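Okay, here's what each chain looks like letter by letter:
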Amino acid sequence: MKRLFVSVFLVCMVSSMAWADTFTATPTEFIVTINKVEFYNSTTGVWEVAGQGDYTFDITSVQPGQLCGGYGSPEGFSPGTYTQMRVTVSRTMQITASASHGGTIYYTLTGTDAVVNAAIGNGAQVADADATGPAVRGTNILPTDVITLAADTDYFIVTENLSSPAELGPGTQKRARIDFDATDVITFNHAQGACYISAQPNITVGFY
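Here the structure is a predicted model, which means the values were calculated and not measured.

In this section: the overall build of the chain. Scanning the chain for helices and strands turns up two helices and 15 strands. Per-residue burial over the chain gives 48% buried out of 208 residues. Sequence-distant contacts in the chain: of pairs separated by 6 or more residues, those separated by 24 or more amount to 75%. Carbon and sulfur atoms provide 48% of the accessible area of the chain, an area that totals close to 9,300 Å².

Printed below as a string of structure tokens:
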């Protein structure tokens, strides 16, 4: 069966701060919460809901590849050509990471760094980090100046075009699959003792 892919970038990340002594790393956990997944039927001009309700998962695990097997089933979609995907995502995310730099291993911590939070501003929260392990989950809250929140919520919406239109309808045997790439999406500021999301995870969505 032909695979139909769309590359989606969550344009929501904390911009790299202009501090010295920073380096990027790949988290061992990157936990996000999706609230809704929709696909646009260009034939009818209607957004069809594939899945709704908070679904929290680790995008670095193998499990997200199966995310839309149940959460995002297109079985009940109206017949038509689907050309876009829309995802509602919480701006609160958690990361766990450790990385070596200059002969020292740095780890994420549970606390938050007030200095970096203030420097980023707009409601940002970044995780503490230092050279004392083991790594534990730290919370990042994305600043509101880089995302547009849905009304009266802490969720933002990402809309992207599918690179190839998908012909779907009632009884379709196709299933959506979402895969994630979180390589080098976080930055350790070891001078300040902080770790934050600094790049955009790549999301690939396909129908099989």
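After that view of the structure, there is still more to cover.
Attention now moves to the pairing of strand 5 (residues 80–90). By the criterion of burial, strand 5 is predominantly enclosed, with nine of the 11 residues buried. Bridge count between strand 3 (residues 29–41) and strand 5: seven bridges; the pairing is antiparallel. Following the sheet pairing, lysine 36 is matched in strand 5 by threonine 88. One ladder, built from 10 bridges, connects strand 5 with strand 11 (residues 155–168); its direction is antiparallel. When the sheet's bridge partners are listed, arginine 86 is paired in strand 11 with threonine 159.

Residues at a pLDDT of 70 or more form 84% of the chain, whose mean pLDDT is 81. Within the chain, strand 1 (residues 4–9) has the poorest average pLDDT of any element, 39, and strand 6 (residues 92–96) the best, 94. Note that residues 15–19 has pLDDT below 50 and, in this model, nine contacts with residues that lie over four places away or in other chains.

This part covers the nonpolar core. Residues Phe30, Phe39, Met93, Ile186 and Phe188 are the most contacted members of the largest nonpolar core, which totals 40 residues. Once residues within four sequence positions are removed from consideration, phenylalanine 39 is found in contact with Val46, Trp47, Glu48, Ala50, Phe77, Tyr82, Gln84, Met85, Leu162, Val205 and Phe207. Val116, Ile120, Val126 and Ala194 belong to the second largest nonpolar core, which has six residues in total.

Residue proline 134 is reached from glycine 133 by a cis peptide bond, and omega for that bond is 0°. You can see proline 134 is positioned in the loop between strand 9 (127–130) and strand 10 (138–141). The backbone phi angle of asparagine 122 is positive, close to 55°, even though this residue is not glycine. With respect to the helices, strands and loops of the structure, asparagine 122 is situated in the loop between helix 2 (114–120) and strand 9. In this model, aspartate 184 sits at a positive phi of 55°, which is unusual for a non-glycine residue. When its relative accessible area of 38% is taken as the criterion, aspartate 184 is described as partly exposed.

The next subject is the packing of aromatic side chains. Applying the stated rule across the entire model yields six aromatic pairs. Judged by centre distance (6.2 Å) and plane angle (50°), the rings of phenylalanine 39 and phenylalanine 77 are tilted. Of this pair, phenylalanine 39 sits in strand 3 while phenylalanine 77 is found in the loop between helix 1 (67–70) and strand 5, placing the two residues 38 residues apart along the sequence. Each member of the pair, phenylalanine 39 as well as phenylalanine 77, is classed as buried.

The rules behind each value
- Residues numbered from 1 in each chain as written.
- Predicted model: local features only at pLDDT ≥ 70, side-chain atom pairs only at ≥ 80, totals over all residues.
- Heavy atoms only, no water.
- Helix = DSSP H or I, 4+ residues; strand = E, 2+ residues; numbered from the N terminus.
- Buried < 20%, exposed > 50% of the residue type's maximum accessible area, 1.4 Å probe, protein only.
- Contact = heavy atoms within 4.5 Å.
- Areas by Shrake-Rupley, 256 points an atom, 1.4 Å probe, with all protein chains shown as cover.
- Pairing = 2+ DSSP bridges.
- pLDDT = per-residue confidence, 0-100.
- Core = buried A, V, L, I, M, F, W, Y, C linked by side-chain atoms within 4.5 Å.
- Phe/Tyr/Trp six-rings, centres within 6.5 Å; stacked < 30°, edge-to-face > 60°.

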